[in-house]
Amino acid sequence: MESTEISICRACTGGCPIAVTIEDGRAIKVEGDPNAPLFGGYSCRRGRVLPDILNNPGRLKHSMIRGADGSLRPAAAAELVEDIAQKLSKIIAKYGPNSVAVYAGAGGSGGAFGQLAASLGSSMYFTATTIDMPNMMIAPAFHGEWAGGRTHSSTWDVFVLIGTNPIVSKQYHAQNPGQKFKKMVRNGTKFIVIDPRRTETARRAHIHLQIIPGEDAVVLAGLVHLLIANDCLDHEFIAENAEGLEALAEAVRPFTPVYVAERAGITVEDLLEAARVIGEARSGDIALGVGPSMATRGNIAAYLSLCLQTLRGHWAREGAIATYPSVLVPRKEFKAQPLAPRPVKGFGRKLRVRGLEETVAGLPTGALPEEILMPGEGQIKALFMGGGAMVSFPQQRLVKQALDSLELCVVCDVEVSPTARVSTHVFATHMPLEMAAHTGSFEVIRFIHPGYGYEEPYANYTAAVVAPPPDAELISPFSAVFRIAKAMGISLLKYSGEPMDMDNEPTADELVEMSAAGSRIPLSEVKKYPGGHIFEEANEIVQRRDLDCVARLQLAAPEMMQELSDIREESIVSRRKTDAEFAYLLIPRRMPNTFNANFRHAPGPLSKPHNPAFLHPSELEKLGLIAGDLVEIRSRHGMIVGVVESDADLRAGVLSMQHSFGRVPGERTRPREDGANTNALLRMDDDYDPYSGMPRMGAVPVSIRRAPADCEDMIA
Ligand SMILES: Nc1nc2c(c(=O)[nH]1)N[C@H]1C(S)=C(S)[C@@H](COP(=O)(O)OP(=O)(O)OC[C@H]3O[C@@H](n4cnc5c(=O)[nH]c(N)nc54)[C@H](O)[C@@H]3O)O[C@H]1N2
Ligand SMILES: Nc1nc2c(c(=O)[nH]1)N[C@H]1C(S)=C(S)[C@@H](COP(=O)(O)OP(=O)(O)OC[C@H]3O[C@@H](n4cnc5c(=O)[nH]c(N)nc54)[C@H](O)[C@@H]3O)O[C@H]1N2
Ligand code: SF4
Ligand SMILES: [Mo]
């Protein structure tokens, strides 16, 4: 029996509406839903191979527990619950609730684990934000925010993209960005892309500034300088809403076109043209990706991009239709006025590591392994993980040492991933098409990253469309957490802080209902539109400013001005840290058909199972290499073996690789099959951001040479 169900792909942040062909209860085919709004029937290869991912032989069908002999063995979820509850009670009795920590990454179970930690009285909640783009929360705290929100993309004369490649990563304008960008260019929006690689997105650009990695702040300071020097300012907007213009003008004055172009490796002409286009644009927007935040100095880059928008007055004004309105989250008002800057830190938990503390971006995940390893009061003994720390955290060997030392290391997973392999308890959980879901989870991303989510009032819901394999015993992260709390005799707290009724475990459907509680459009309404719907009634008009509003956007936060002056005065050589030996700069990228550490066991989605080490063809020639050769990539902190690949779109001198591949240190590895983990090249305390603790993860100096033949099969 064959049938077709409309659902949502959750294999990346795109959330594409899909049509799933089901035969005998199993998904056999996935295509984009041609009838759904916004997406134009789009799906990528990764979404289309979801059936392979779901039905893959490496799929985890039973939970696992580490036995006395040190190996993982399959076990009933109930056995894990019982064992975890017992151990957790003992740990808390001995070391206190803050000895229990959570890492909420991109793996999906962080929310439930966070609920458990909060219910236990622990405040040790770490997220992926602080190894991603913490600058998207830190910079608005320094600058203040515009309560009217961003302007609509249909009005833009210019769209600046800095170290982000949405056509592949599906973040900004994730609903078929390729098609959307094409339309925008046709309508006259000029794209300016700042990226060391001529990306899929850069191919649509009017100007591509192919910079040396790590020089974003310098380029932005140069652009701000040119806008001020050429008087391309919205004086009326600035006078009413901002302060600090003179101090900013002073701070960016030394960033002359010649200095900026030379330092960033671009031409003065291109820089001037970029400034001209931005300076003449009546409306526009700036998008930041992981490029600048990974390369250090992410805060100042994000801060200057906000200043640039404020200088141009490129924010939504009174009477405009607001962008990113609430649909499956509670209603939000938009007002044509500033929200004042707020403290970046100094209000939350202090850690013992390197003076790091909680900031507006949360606790620094860069401190987590050291917090686990550092003896004494406050040491973390139990970790609940919603993500793939073993491959996604910098300084892989330190992470391994830390995870190995834990008394309790709990993950939810869908395969025996590198992280599962070092955990003490692994709950086997459902895969996307086996769970109900709605787009509220994509909508909320805008709270931690303005510009992500849905520009239009779009929402979609899907029921579970296939059952888990009949021979599997799966448990949802929430059920696992609920039952652990119950076995410990405590009440799990709702997000509101209220205790839950521990005698009645909510069903999966009740949980989905609860997750949309108080939403602008009731979930019951969204359910009426398979494939999703644009709820015009959720549109909001940007309201007039409050008469008593005195808040101002800050153009010259002292900390940021200090950083600008440091950048101008530092020695470029000692900053960049390249030399005759470490002559290349390693940068991050996302490849199509991947999503972080996910689904390495599934056949099909990747054209290559590894993450190639991309270099410009001239570099291959210089090094005497051809595509497919194995190379030793060394940083000052570690070594990996990669498979080299030619990429004519890259800037010379740059090595570009996707993260979160490879195996656990000590495991046997074949680099051509497993790929290599760039995180083995990093150190947590290398050039870390003083606020978020995020270490240098991009623009990392490395050396590259041919690998010896015995690297085909080696120990990671
Ligand atoms: N060097 C370097 N490191 C990086 C980055 C980089 O660019 N360079 N990027 C950073 C960024 S931006 C991020 S967000 C982090 C991401 O890193 P993490 O936050 O660790 O997230 P993922 O790698 O997505 O975690 C996926 C894990 O969850 C499991 N999983 C997959 N699907 C499911 C599911 O449906 N349910 C459950 N319960 N588990 C599932 C997977 O098997 C895997 O173990 O990595 C960061 N690390
Ligand atoms: N296919 C796929 N999609 C994904 C993911 C995935 O793993 N695979 N991961 C998801 C996650 S967790 C995130 S956070 C998002 C990230 O989404 P994006 O931020 O769009 O990430 P990337 O596509 O890696 O784009 C980063 C770009 O920065 C460039 N870059 C590197 N260093 C520098 C620099 O110093 N300066 C500048 N200006 N550019 C630089 C790179 O060449 C690259 O083109 O993607 C998400 N989407
Ligand atoms: S872009 Fe591909 S993987 Fe991402 S949601 Fe859409 S179909 Fe799924
Ligand atoms: Mo991320």
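Residues numbered from 1 in each chain as written. Chains lettered and ligands numbered in written order. Predicted model: local features only at pLDDT ≥ 70, side-chain atom pairs only at ≥ 80, totals over all residues. Heavy atoms only, no water.

Q: Looking at this model, I keep getting lost on the pattern of salt bridges. Mind explaining?
A: Any two side chains of opposite charge can pair, on the condition that their charged atoms come close. What the rule picks out here adds up to 51 salt bridges. Measuring nitrogen to oxygen at the nearest pair gives 2.9 Å for the salt bridge that ties Lys528 to Glu525. Bridged by salt links that share partners, the residues Glu215, Arg263, Arg297, Glu563, Glu570 and Arg576 form one connected network. (Salt bridge = Lys/Arg side-chain N within 4 Å of Asp/Glu carboxyl O.)

Q: What exactly am I supposed to notice about the site of ligand 2 here?
A: Lining the immediate environment of ligand 2, one finds 31 residues, of which Thr164, Ser169, Asp195, Asp216 and Asn596 sit closest. Between ligand 2 and Val290, the relevant distance is 2.9 Å, taken from an oxygen atom to a main-chain nitrogen or oxygen of the residue. Gln658 is positioned such that a nitrogen or oxygen atom in its side chain is 3.0 Å from an oxygen atom of ligand 2. Coverage of ligand 2 by the protein amounts to 97% of the 920 Å² it exposes when considered alone. Among the secondary structure elements, those contributing two or more residues to the shell around ligand 2 are α6 (166–169), α13 (290–294) and β25 (584–588). For the shell around ligand 2, the per-class residue count stands at 13 nonpolar, 12 polar and six charged. (Near = heavy atom within 4 Å. Polar contact = N/O pair within 3.5 Å; in protein donor to acceptor, adjacent residues only side chain to side chain. Areas by Shrake-Rupley, 256 points an atom, 1.4 Å probe, with all protein chains shown as cover. Helix = DSSP H or I, 4+ residues; strand = E, 2+ residues; numbered from the N terminus. Nonpolar A, V, L, I, M, F, W, Y, C, P; charged D, E, K, R; others polar.)

Q: What exactly am I supposed to notice about the environment of Ser423 here?
A: Among the structural elements, Ser423 can be located in the loop between α18 (418–421) and β19 (425–428). Ser423 gets classed as buried once you look at its relative accessible area, which sits at 0%. Here the alpha-carbon distance between Ser423 and Met385, two residues 38 residues apart in the chain, equals 9.3 Å. What Ser423 contacts, discounting residues up to four positions off in sequence, is Arg66, Leu72, Cys409 and Val411. (Buried < 20%, exposed > 50% of the residue type's maximum accessible area, 1.4 Å probe, protein only. Contact = heavy atoms within 4.5 Å.)

Q: Help me understand the sheet that holds strand β4 (residues 64–66), please; the structure alone is not making it clear to me.
A: Sheets are built from strands that pair by backbone hydrogen bonding, the pairs being arranged parallel or antiparallel. Reading across the sheet, the seven strands line up as β5-β4-β19-β18-β17-β6-β7 and stay open at both edges, with mixed pairing between neighbours. Two strands close off the open sheet at either side, each with one partner strand: β5 (72–74) and β7 (125–127). Averaged over all pairs of adjacent strands, the angle between their axes in this sheet comes to 20 degrees, without regard to strand direction. Looking at chain direction, strand β6 (residues 100–104) and β7 are connected through three bridges and run parallel. Bridging from a neighbouring strand, Ala104 pairs with Thr127 of β7. (Pairing = 2+ DSSP bridges. Axes fitted to C-alpha atoms, helices over the stretch in contact; angles between N-to-C directions.)

Q: What am I meant to see in the site of ligand 3 here?
A: In the region of ligand 3, the neighbouring residues are Cys9, Ala11, Cys12, Gly14, Gly15, Cys16, Tyr42, Ser43, Cys44, Gly47 and Lys170. Of the residues contributing to the shell around ligand 3, the split by class is six nonpolar, four polar and one charged.

Q: Would you mind going over the state of the cysteines with me for this structure?
A: Where two cysteines share a covalent bond between their sulfur atoms, that bond is called a disulfide. Enumeration over the complete set of coordinates arrives at zero disulfides. Looking at the unpaired Cys549, the closest cysteine sulfur is the one in Cys307, lying at 18 Å. Judged by its relative accessible area of 15%, Cys549 is buried. (Disulfide = S-S within 2.5 Å.)

Q: What should I look at first to understand the sheet that holds strand β11 (residues 207–209) in this one?
A: Spatial ordering of the open sheet is given by β11-β10-β9-β13, a layout of four strands whose pairing is parallel. Two strands in the sheet have a free side with no partner beyond their single neighbour: β11 and β13 (284–288). Going from strand to strand, the sheet's axes swing by 10 degrees on average, the running direction of each strand aside. Pairing geometry for strand β10 (residues 190–194) and β11, over three bridges, is parallel. Residue pairing in the sheet places Ile194 in a bridge with Leu209 of β11.

Q: Hey, could you run me through unusual backbone geometry in this one?
A: Working note: non-glycine residues mostly have negative phi, and peptide bonds are mostly trans. One non-glycine residue, Asp24, adopts positive backbone phi at about 50 degrees. Mapped onto the elements of the fold, Asp24 is located in the loop between β2 (17–23) and β3 (26–32).

Q: Would you explain the layout of surface pockets in this entry?
A: Where empty space is left in the structure can be found by rolling a water-sized probe over the atoms. By volume, the second largest pocket is sized at about 620 Å³. Contributions of two or more residues to the lining of the second largest pocket are made by α5 (135–143), β8 (145–146), β13, α14 (298–312) and α20 (445–448). Counting residues per element, the lining of the second largest pocket draws most heavily on α5, at five residues. Residues that form the lining of the second largest pocket fall into these classes: 18 nonpolar, seven polar and five charged. (1 Å grid on protein atoms, 1.4 Å probe; cavity = no way out; pocket = protein on both sides within 12 Å on 5 of 7 lines; lining within 4 Å. Points joined across faces, edges and corners; volume = space filled by probe spheres on them.)

Q: Help me out: how do you make sense of the packing of aromatic side chains in this one?
A: Two measures describe an aromatic ring pair: the distance that separates the ring centres and the angle between the ring planes. A full pass over the atoms with the stated rule returns 14 aromatic pairs. Considering the side-chain rings of Tyr172 and Tyr452, the 4.9 Å spacing of their centres and the 75 degrees angle between planes classify their relative orientation as edge-to-face. Here the residue Tyr172 occupies a position in the loop between α6 and α7 (177–186), and Tyr452 occupies one in the loop between α20 and β21 (458–459), the gap between them amounting to 280 residues. If you follow Lys527 out to its NZ or CZ, it ends over the ring of Tyr461, 4.9 Å from the centre. (Phe/Tyr/Trp six-rings, centres within 6.5 Å; stacked < 30°, edge-to-face > 60°. Lys NZ or Arg CZ within 6 Å of the ring centre and 35° of its normal.)

Q: Can you help me understand the nonpolar core in this one?
A: Where a protein is soluble and globular, its nonpolar side chains tend to be buried together. Val219 and Leu248 are the most contacted members of the largest nonpolar core, which has 155 residues in total. It is helix α8 (residues 216–229) that provides the largest number of residues to this core, a total of 10 residues. Residues Leu80, Ile92, Met488 and Leu492 belong to the second largest nonpolar core, which totals 35 residues. (Core = buried A, V, L, I, M, F, W, Y, C linked by side-chain atoms within 4.5 Å.)

The values reported here are purely geometric and, on their own, carry no functional implication.
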